[in-house]
Amino acid sequence: MDKISDRILQELTRDGRISNLDLADRVGLSPSACLRRVQDLERRGVIAGYRAVLDRAALGVGFVAYVTVGLNSHTKASQEAFEQAMARASEVVECHNITGAVEYLLRVEVADLVAYKRFHTDVLGTLPQVNAITSYVVMGSPKDARA
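What you see is a predicted model; the values in this text were computed from it and never measured.

## Quick look at the domain arrangement of the protein
Stage number 1. Split into domains, the protein comes out as domain 1 (3-44) and domain 2 (57-137).
Stage number 2. With centres defined by C-alpha atoms, the gap from domain 1 to domain 2 works out at 37 Å.

Given below as C-alpha cells:
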C-alpha cells in the first residue's frame, strides 16, 4: 500500500459509484493507471465489495440500539447457539463477539420502541444461554462511517 492506493480507498469509501475518470482525476493518475490499481486492490481482497448505503429512516427504521449480551455459560456450544439465533434475527444488523464483562455487542434496528421491546422479550429473553442484557439507545449519530 502506498499513498496513492490509500487515496483511492478514501475516495471509493466516500463514493463507491465514482467513475474511473473522476477517481483518476481526484488521485492524480491517468484513467488506465487508476483502473489497474483499483483492479489490483480488488484482486488482492483489499476491496472486498461495494455496497449501497441505505437511509434507514426511509425504510421505516426509527429505533436503533446497541445491546450488550452476557452469556451464562462460556462453552463453544453456548456461543454457537447464540450466534445462530442472532443470524436468524432480522432485527440484528451487527453481532460482535467482544472481550470484557460481556460476550456480545449487537446493533439492533427496528421500527420503534414497541418493536424493540418485542425483540428484547421474544428473541433475547427466550434464549437459555442469555444471562444479562443491557440496551443503549442511539439518540443521534454525528459520525457514522460504516459502508
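## Things to note about the pattern of salt bridges
Stage number 1. In total, this model carries nine salt bridges according to the counting rule given.
Stage number 2. A salt bridge links Asp2 to Arg37, with the shortest nitrogen-to-oxygen separation between them at 3.0 Å. With Asp2 in the segment before α1 (3-14) and Arg37 in helix α3 (residues 31-43), this residue pair connects regions lying 35 residues apart in the sequence.
Stage number 3. Of the residues examined, Asp2 reaches a relative accessible area of 32% and is grouped as partly exposed.
Stage number 4. The class for Arg37 is partly exposed, based on a relative accessible area of 25%.
Stage number 5. Here Arg107 and Glu109 are joined by a salt bridge, their closest N and O atoms 2.7 Å apart. Exposure class is identical for Arg107 and Glu109. Each is buried.
Stage number 6. Salt bridges sharing partners connect three or more residues here, namely Arg7, Glu11, Arg14 and Arg26.

## What about the nonpolar core?
Stage number 1. In this structure, Val69, Phe82, Leu106 and Leu124 are the most contacted members of the largest nonpolar core, which totals 20 residues.
Stage number 2. If you list the elements that add at least two residues to this core, you get β1 (63-71), α4 (76-88), β3 (104-110) and α5 (113-122).
Stage number 3. In terms of residues, this core owes the most to one element, β1, which gives five residues.
Stage number 4. Leave out the neighbours within four places in its chain, and Leu106 touches Ala65, Tyr66, Val67, Val69, Phe82, Met86, Val92, Glu94, Cys95 and Leu124.

## Let's talk about the UniProt feature "domain: HTH asnC-type" (unreviewed entry) in the protein
Stage number 1. The residues that UniProt annotates with the feature "domain: HTH asnC-type" (unreviewed entry) are residues 1-62.
Stage number 2. Along residues 1-62 the backbone is 53% helical and 0% strand, and the end-to-end C-alpha distance reaches 40 Å.

## Overview of the environment of Arg44
Stage number 1. Along the chain, Arg44 turns up in the loop between α3 and β1.
Stage number 2. Spatially, the C-alpha atoms of Arg44 and Glu11 are 18 Å apart, while their sequence positions differ by 33 residues.

## Points about the packing of α1 against helix α2 (residues 20-27)
Stage number 1. Packing of α1 against α2 leaves a shortest axis separation of 10 Å and a crossing angle of 130°. Here α1 lies oblique to α2, going by the angle between them. Here α1 and α2 pass one another in a crossing that is right-handed. In contact with Arg7, Ile8, Glu11 and Leu12 of α1, α2 contributes Leu23, Arg26 and Val27.

## What about the packing of aromatic side chains?
Stage number 1. Taken as a whole and assessed by the stated rule, the structure comprises three aromatic pairs.
Stage number 2. On the basis of an interplanar angle of 40° and a centroid distance of 4.6 Å, the ring pair of Phe82 and Tyr104 is categorised as tilted. Here Phe82 is found in helix α4, whereas its partner Tyr104 is found in strand β3, with 22 residues between them in sequence. Like Phe82, the residue Tyr104 is buried in the burial classification.
Stage number 3. Taken together through their ring pairs, the aromatic side chains of Phe63, Tyr116 and Phe119 make up a single cluster.

Conventions we followed
- Residues numbered from 1 in each chain as written.
- Predicted model: local features only at pLDDT ≥ 70, side-chain atom pairs only at ≥ 80, totals over all residues.
- Heavy atoms only, no water.
- Domains from an automatic or database assignment.
- Salt bridge = Lys/Arg side-chain N within 4 Å of Asp/Glu carboxyl O.
- Helix = DSSP H or I, 4+ residues; strand = E, 2+ residues; numbered from the N terminus.
- Buried < 20%, exposed > 50% of the residue type's maximum accessible area, 1.4 Å probe, protein only.
- Core = buried A, V, L, I, M, F, W, Y, C linked by side-chain atoms within 4.5 Å.
- Contact = heavy atoms within 4.5 Å.
- UniProt positions renumbered as here; feature names shortened; annotations may be inferred.
- Axes fitted to C-alpha atoms, helices over the stretch in contact; angles between N-to-C directions.
- Parallel < 35°, antiparallel > 145°, perpendicular 65-115°, else oblique.
- Left-handed = near helix turned anticlockwise from the far one by under 90°.
- Phe/Tyr/Trp six-rings, centres within 6.5 Å; stacked < 30°, edge-to-face > 60°.

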